[in-house]
Amino acid sequence: MDYHLKNISSDDSPQRNNVKMLILGSGPAGLSAALYAARASLEPVVLTGMELGGQVSLTNMVENYPGFPDGVGGQDLVDLFQKQAEKFGARIEYDAATKVDLSKRPFKVQTYNGEYLADTLIIATGAQATHLDVPGEMELTGRGVSYCATCDGWFFKEKDVVIVGGGDSALEESLFLTRYVKSITIIHRRDSLRAGVILQERAINHPKIKFIWNSVITEIIGDETVGKVKIKNITTGETTELPTDGVFIFIGHKPNTQLFADDLDLDEHGYIKRTDLLTTGIPGVFVAGEAGDPDFRQVITSAGMGAAAAMQAIRFLQASEEKQSEVVKS
Ligand SMILES: Cc1cc2nc3c(=O)[nH]c(=O)nc-3n(C[C@H](O)[C@H](O)[C@H](O)COP(=O)(O)OP(=O)(O)OC[C@H]3O[C@@H](n4cnc5c(N)ncnc54)[C@H](O)[C@@H]3O)c2cc1C
């Protein structure tokens, strides 16, 4: 990845670009939006952000994206998305939005390298799973460390896995994983769970699930794939090791949307509020993928939302052009 991002200092004069459609984010949502907009000859510009290809580029193998019966590498998949969008005229810029002004059209988006004035904006800035930030986690992500049971459960058939977290999503995902795995050990930093009572009962009574309380993982260890975790009991200070085939981390999920907090309505978790047609409170600004989706969070759903948001933006541009030409005529 070759980033040339720099902050614009006061004596730099930012390069100003007028574009019909600006897409923030180069994950499945952003690149799918780019493909649809490019095929409508809008010459969309995609700002990649810091993570070219988005979250899925972090994983070794994707087996639930249709069209790839043998699976496809996460990075390979988004490379193909990018290539297809560029083939039709999308421009990919290794840059990120740093400030937006959505108070009027064209929308003003400041970036590390310049400034864009965009007739329409698609926000596809995605989200990030909260990390444990322990040694081994980053190195083994996609090789036993996972943040998504729907994505990776299949890889752990008849395996022993560890789950970190004690909220609703940790227990929901654990119960989902019981259909594949041999055993689940939930490691939780407190002596009680935060999840709803019914979920707690189901998890506690499930024969495949057991708990280690008052404990945290301090290291994930493995060569090619995860082999074991180091666990510290935070009340006694005792450290132990537990062999495991996988570590699922469910301690939170944060959309990358703070940049829009002054202009758009966000829900209590930070997801951009949107309609079913992917419109936001501001005409001409659309949202696609995980930035506005707390529910599905998959490559296919994000890509689908990207395509739909681009179709909406194309319709919006057409309608506003027709309106303008009527004003000129009258
Ligand atoms: C390790 C891992 C494995 C996964 N495996 C699977 C799987 O097997 N199958 C599956 O369906 N799903 C999987 N997922 C989930 C899937 O990756 C996401 O649902 C999907 O990537 C969401 O797409 P998105 O485009 O909405 O956002 P993201 O992929 O999060 O992309 C967001 C993009 O926005 C950019 N961005 C952020 N801020 C800015 C800014 N200020 N300016 C410009 N750009 C910005 C980022 O750089 C990035 O390019 C996995 C996720 C992870 C973390």
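Quick caveat: nothing in here was measured; it's all calculated off a predicted structure. (Residues numbered from 1 in each chain as written. Predicted model: local features only at pLDDT ≥ 70, side-chain atom pairs only at ≥ 80, totals over all residues. Heavy atoms only, no water.)

Spatial ordering of the open sheet is given by 8-15-9-10-11, a layout of five strands whose pairing is parallel. The open sheet has two edge strands, strand 8 (145-146) and strand 11 (209-212), and neither has a second partner. By the bridge criterion, five bridges tie strand 9 (residues 160-164) to strand 10 (residues 183-187) in an arrangement that is parallel. Within the sheet, the bridge partner assigned to valine 161 lies in strand 10 and is isoleucine 184. (Pairing = 2+ DSSP bridges. Helix = DSSP H or I, 4+ residues; strand = E, 2+ residues; numbered from the N terminus.)

Attention shifts here to the sheet that holds strand 13 (residues 226-233). With antiparallel pairing, the three strands of this open sheet are ordered in space as 12-13-14. Every interior strand has two partners, whereas the edge strands, strand 12 (215-222) and strand 14 (239-243), have only one. When the angles between neighbouring strand axes are averaged without regard to direction, this sheet yields 25 degrees. Sheet topology note: the strand 13/strand 14 ladder contains five bridges and is antiparallel. Residue lysine 228 lies in a different strand from strand 14, and its bridge partner there is proline 243. (Axes fitted to C-alpha atoms, helices over the stretch in contact; angles between N-to-C directions.)

Two elements in contact, helix 1 (residues 28-39) and helix 6 (residues 299-329), have axes separated by 7 Å at closest approach and are oriented at 40 degrees. Here helix 1 is positioned oblique relative to helix 6, judged by the angle of their axes. The two elements helix 1 and helix 6 cross, and the hand of that crossing is right-handed. Listed contacts from helix 6 to Pro28, Ala29, Ser32, Ala33, Tyr36 and Ala37 of helix 1 are Val299, Ser302, Ala303, Gly306, Ala307, Ala310, Met311 and Ile314. Tallied by class, the residues present in the contact of helix 1 with helix 6 amount to 11 nonpolar, three polar and no charged. (Parallel < 35°, antiparallel > 145°, perpendicular 65-115°, else oblique. Left-handed = near helix turned anticlockwise from the far one by under 90°. Contact = heavy atoms within 4.5 Å. Nonpolar A, V, L, I, M, F, W, Y, C, P; charged D, E, K, R; others polar.)

Any covalent bond linking the sulfur atoms of two cysteines counts as a disulfide. Counted under the stated rule, the structure contains one disulfide. A sulfur-sulfur distance of 2.1 Å marks the disulfide that ties cysteine 148 to cysteine 151. Handedness of the cysteine 148-cysteine 151 disulfide follows from its S-S torsion of about 75 degrees: it is right-handed. (Disulfide = S-S within 2.5 Å.)

Before going further, it helps to spend a moment on the environment of isoleucine 272. Take isoleucine 272: it is sitting in the loop between strand 16 (253-255) and strand 17 (285-287). What makes isoleucine 272 buried here is its relative accessible area of 3%. Sequence separation between isoleucine 272 and alanine 261 is 11 residues; the distance between their C-alpha atoms is 8.6 Å. Those residues within four positions of isoleucine 272 in sequence are excluded, and the remaining contacts are Ile123, Thr257, Phe260, Leu264, Asp265, Leu266, Thr280, Val287, Ala291 and Gly292. (Buried < 20%, exposed > 50% of the residue type's maximum accessible area, 1.4 Å probe, protein only.)

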